Amino acid sequence: MSELPLRSRPLIPGQVASWLAVLALVGAVTAASVAAFLHFRTGVSPEAARRAQQVALRAETEAKASTLLASSAKNDDGTYRIPLNEALRIAAERPEVLGKLAPAVAPAAPASSAPTAFVPADEATLKRGQAVYARTCIACHQPTGMGLPPVFPPLVESPLVTGDPSLSIKFVLHGLMGPVTVKGITYNSMMPPVMGVTDQDIADVLTYVRQSFGNKASAVTVAQVKAVRDAASGRTVPWNTAELGIK
Amino acid sequence: MTQEQRSGRPDEDRSRLSRIDAPLRAPFLLLFGSAALWLMLSSALSLLTTLKALPAGIGSYEWFAHGRLEAAARNAFVYGWAGNALFAINLWLLAQLGRFEIRNGWMASVGGLFWNLALTWCTGSVIVSGPGAYALLDFPVGAGPVLAASFALAGLWPVVAYAKRPTGHNFAAQWFVVGASVTFLLAFLLAQAAVFWAPASGVVQAVAHSWYVRTVHLLWLGGSALGLGYYFVSKVLARPLHAYYLASVAFWTYFLFAGWTAPASLIGSPVPLWIQSIGVVGSMMLLVPVLLIGLNLLGALSRDGGWFRAWNSTSLRFISIGIVSLLASLAIAAWASDRSVNAGLRFTSFAEGQNLLLLYAGVTFCVFGAAYAALPRVSGGRWPSAAAIHVHFWASTLGAAGAAFAAFAHPSAHGFISAVSAALLLIGHLAFASTAFAALLSGVPAGESQPAHD
């Protein structure tokens, strides 16, 4: 511990060097621990990500809706829609426009949902359809078409089955997920897309289903199946009940 | 028998002691002086928190809301009083044990200065804008780095004193103090990271916070107090500790298990059960070092009239009470970590009583005892009044006992007994702080005079 002569004193005194060494040691251990913590720290959970996505979607929808509500737009028939408060202002300033108002025309109902008379399909078609049913649908929807509540919904007395055939075509082509209520029971299983069936097979089996088990609905044509298949040609995921507006 | 033999220390060694103590004088004055001021502030704030209704004049200000006063008192006590006092006492102890002559004491002084400035800022902000969600971390975010840097400057010198000791001596007291000093900085930085800088999910924040609080209580404050216990019991009794060879096991198991007890404070809260179970296991395992430390220290005190001699030594009287309280609080913590027991204690003031036993009757009593020995040696002065020491001892002991009774046994009398106890503590601390200032300032710089008596 003898004092060194002034000129040979080190730049950093020995005690300070030790202090720095202790500090460096503690700092290194801390840095390693913080690095480990950051590495193993639970990131954003999938649940939180899903929620954030929903919040963003909702905000986007609301923004679109308020834009639509707040701005003028051209209708298909060449007339214009304007926001209500603007319309009231104009009506107050120029009462004569009220006389020119025309009642809004309801859009024409889509042709497919128009009721049609029941025409039974020919025997051969129903036979082919039954064969396809026995090959593909029967495992879940059962030979009776009653399904297995509460996992597989019945095909009887279901507007989804007997209504617009494009819906059933979509289910067969791409599958269906999401909650669906049939005869008071809510099913939340997933229907997988049916593989290895031609447009003809789909038309036959849907015709069979729509005209069996007590159902009396129109036959399904190959052209209808082809139209749906072409319209959704890029689709790789099942249809979602929410997306289709099914309850 | 010559003078040399009777004093037990050759003259050469005596001059060496003063060369060790003299450069400690300036940092000691600053650090211990601030510690005494923080102690008085904290006791005054605690007294205010125990009053059920504040005087009409100040009761209507939100600055004096119970939560703010309590948080400010807690910060002033832990960081202001215990922190500053342990900077000074730990450095003195390890310089003493290793015959270390500090040449850069100004660094400790600068660290202490910034520590106190940052702490004043923190306490002010707690009072003015309210405490944060995390006890003992309720600072403005910017104060964290300042406190860490100040601690590095002021609090790491005991480690340097150990690393650069010219003697090869290796005592249990040194291990505890070195471990305590290193652990605080580590825990503080990690807690800042896990709670504020890169917070993870809420559960991780709560677990990290409980770990930090327990580490500060048990390792920094408790570890330093145990170091003081290991030194003073053997020093004052002038005999080796009982079963001293077990001290290394006690040290390692204490530092290994103390941090794992943290989740025991989260029993019954919505953190995963397995995390709570770790806390239960840690609390039980901590009984191993508690038994071994008890064997070392209380074993030595129990032989040949050791308790009697402890009672007659100012330092050891405080320190033996401190060690008993500290070990008792750890044993009680192990008992209270049992799930069925904990279910009955969860929403009572039991945890408050545990903290009081650990931090006040345990750590603070050890620091009091060490201060009675260290202050005269460093400053060259003397304690001016034996009566003041008696007032301090009895007021602090009765105050601590009353506060512990209020917390543990008699919650319905909480208000009145707590207030009386807090008033007693304030009286004791006024007696201690005023005489400590006299002892610090009365002495001529050490080196010019003989060191004071032991």
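Here the structure is a predicted model, which is why all the values come from computation and not from measurement.

Rules used in this analysis
- Residues numbered from 1 in each chain as written.
- Chains lettered and ligands numbered in written order.
- Predicted model: local features only at pLDDT ≥ 70, side-chain atom pairs only at ≥ 80, totals over all residues.
- Helix = DSSP H or I, 4+ residues; strand = E, 2+ residues; numbered from the N terminus.
- Buried ≥ 20, exposed ≤ 12 C-beta atoms within 10 Å, placed from the backbone.
- Contact = placed C-beta atoms within 7 Å.
- Nonpolar A, V, L, I, M, F, W, Y, C, P; charged D, E, K, R; others polar.
- pLDDT = per-residue confidence, 0-100.
- Core = buried A, V, L, I, M, F, W, Y, C linked by C-beta atoms within 7 Å.
- Expected span 1.5 Å × (residues − 1).
- Bend = angle between axes of the 7 residues up to and from the residue.
- Arc of directions from axis to C-beta.
- Axes fitted to C-alpha atoms, helices over the stretch in contact; angles between N-to-C directions.
- Parallel < 35°, antiparallel > 145°, perpendicular 65-115°, else oblique.
- Left-handed = near helix turned anticlockwise from the far one by under 90°.

## What about the overall build of chain A?
Here is step 1 of the chain: Scanning chain A from terminus to terminus reveals 10 helices and six strands.
Here is step 2 of the chain: Across the 247 residues in chain A, those meeting the buried criterion constitute 18%.
Here is step 3 of the chain: Taking the intrachain contacts of chain A between residues at least 6 apart in sequence as the baseline, contacts between residues at least 24 apart amount to 65%.

## Focus on the overall build of chain B
Here is step 1 of the chain: Summing up its helical and strand segments, chain B has 19 helices and zero strands in all.
Here is step 2 of the chain: Pairs at least 24 residues apart make up 83% of the contacts formed inside chain B by residues separated by at least 6 positions.

## Here we look at the environment of B:Gly168
Residue and element names in this part refer to chain B.
Here is step 1 of the chain: Tracing the chain through its elements places Gly168 in the loop between helix 8 (157-163) and helix 9 (172-197).
Here is step 2 of the chain: On the neighbour-count criterion, Gly168 (6 C-beta atoms within 10 Å) is exposed.
Here is step 3 of the chain: In sequence terms Gly168 and Gly98 are 70 residues apart; their C-alpha atoms lie 7.6 Å from each other.

## Describing the interface of chain B and chain A
Here is step 1 of the chain: Listed as interface residues are 22 residues of chain B and, on the opposing side, 18 residues of chain A.
Here is step 2 of the chain: Those elements that place two or more of their residues in the side of chain B that touches chain A are helix 8 and helix 9 of chain B.
Here is step 3 of the chain: Among the elements that line the side of chain B that touches chain A, the one with the most residues is helix 9 of chain B, at seven residues.
Here is step 4 of the chain: Grouping the constituent residues of the side of chain B that touches chain A by class yields 17 nonpolar, two polar and three charged.

## Let's talk about the confidence of the model for chain B
All names here are of chain B.
Here is step 1 of the chain: In the predicted model, chain B carries a mean pLDDT of 88, and the fraction of residues at 70 or more is 90%.
Here is step 2 of the chain: Scored below 50 in pLDDT, residues 1-14 shows five contacts in the model against residues more than four places distant or in partner chains.
Here is step 3 of the chain: Taken as a whole, residues 446-454 scores under 50 in pLDDT and shows 22 contacts with residues more than four places along the chain or in a different chain.
Here is step 4 of the chain: Taken together, the chains of this predicted complex give a pTM of 0.69 and an interface ipTM of 0.82.

## Comments concerning the nonpolar core
If you look at soluble globular proteins, the nonpolar side chains tend to sit buried side by side.
Residue and element names in this part refer to chain B.
Here is step 1 of the chain: Judged by nonpolar contacts, the single largest core of 162 residues is most densely connected at Phe32, Ala88, Ile89, Leu91, Trp92, Val233 and Val367.
Here is step 2 of the chain: Tallying contributions element by element places helix 5 (residues 66-98) first for this core, with 21 residues.
Here is step 3 of the chain: Setting aside chain neighbours within four positions, we find Trp92 in contact with Leu24, Phe28, Ala374 and Val378.

## Remarks on helix 13 (residues 287-301) of chain B
Two residues of an α-helix separated by three or four positions point the same way, owing to the 3.6 residues in each turn.
Residue and element names in this part refer to chain B.
Here is step 1 of the chain: In this model, helix 13 (15 residues) spans 20 Å end to end at C-alpha, consistent with the 21 Å of a helix rising 1.5 Å per residue.
Here is step 2 of the chain: Along helix 13, the helix axis deviates most sharply at Leu295, where the bend reaches about 30 degrees.
Here is step 3 of the chain: Taken together, the buried positions of helix 13 are occupied by Pro289, Val290, Leu292, Ile293, Gly294, Asn296, Leu297, Ala300 and Leu301.

## Some words on helix 9 (residues 222-231) of chain A
Residues and elements named next belong to chain A.
Here is step 1 of the chain: Restricting attention to buried positions, one finds in helix 9 the residues Gln224, Val225 and Val228. One side of helix 9 carries all its buried residues, which in axial view fall inside an arc of 100 degrees. Residues Ala223 and Asp230 are exposed on helix 9 and point more than 90 degrees away from its buried face.
Here is step 2 of the chain: Of the surrounding secondary structure, the elements contacted by the buried residues of helix 9 are helix 7 (165-174) and helix 8 (199-210).

## Regarding the packing of helix 13 of chain B against helix 15 (residues 314-336) of chain B
Residues and elements named next belong to chain B.
Here is step 1 of the chain: In contact at an axis separation of 10 Å, helix 13 and helix 15 are set at 155 degrees when each is read in the N-to-C sense. One finds that helix 13 runs roughly antiparallel with respect to helix 15. By crossing handedness, the relation of helix 13 to helix 15 is classed as left-handed. For the pair helix 13 and helix 15, contact is made by Leu287, Val290, Ile293, Gly294, Leu297 and Leu301 and by Ser320, Ile323, Leu327, Leu330, Ala331 and Ala334, respectively.

## Topic: unusual backbone geometry
Residue and element names in this part refer to chain B.
Here is step 1 of the chain: For Leu136, which is not glycine, the phi torsion reads 70 degrees and is therefore positive.
Here is step 2 of the chain: Tracing the backbone through its elements, the reader meets Leu136 in the loop between helix 6 (105-129) and helix 7 (143-155).
Here is step 3 of the chain: A tally of 18 C-beta atoms within 10 Å means that Leu136 is categorised as partly exposed.
Here is step 4 of the chain: Located in the positive-phi region is Ala238, a residue other than glycine, with phi close to 55 degrees.
Here is step 5 of the chain: Checked against the element boundaries, Ala238 lands in the loop between helix 10 (202-237) and helix 11 (247-257).
Here is step 6 of the chain: Judged by the 8 C-beta atoms lying within 10 Å of it, Ala238 falls in the exposed class.

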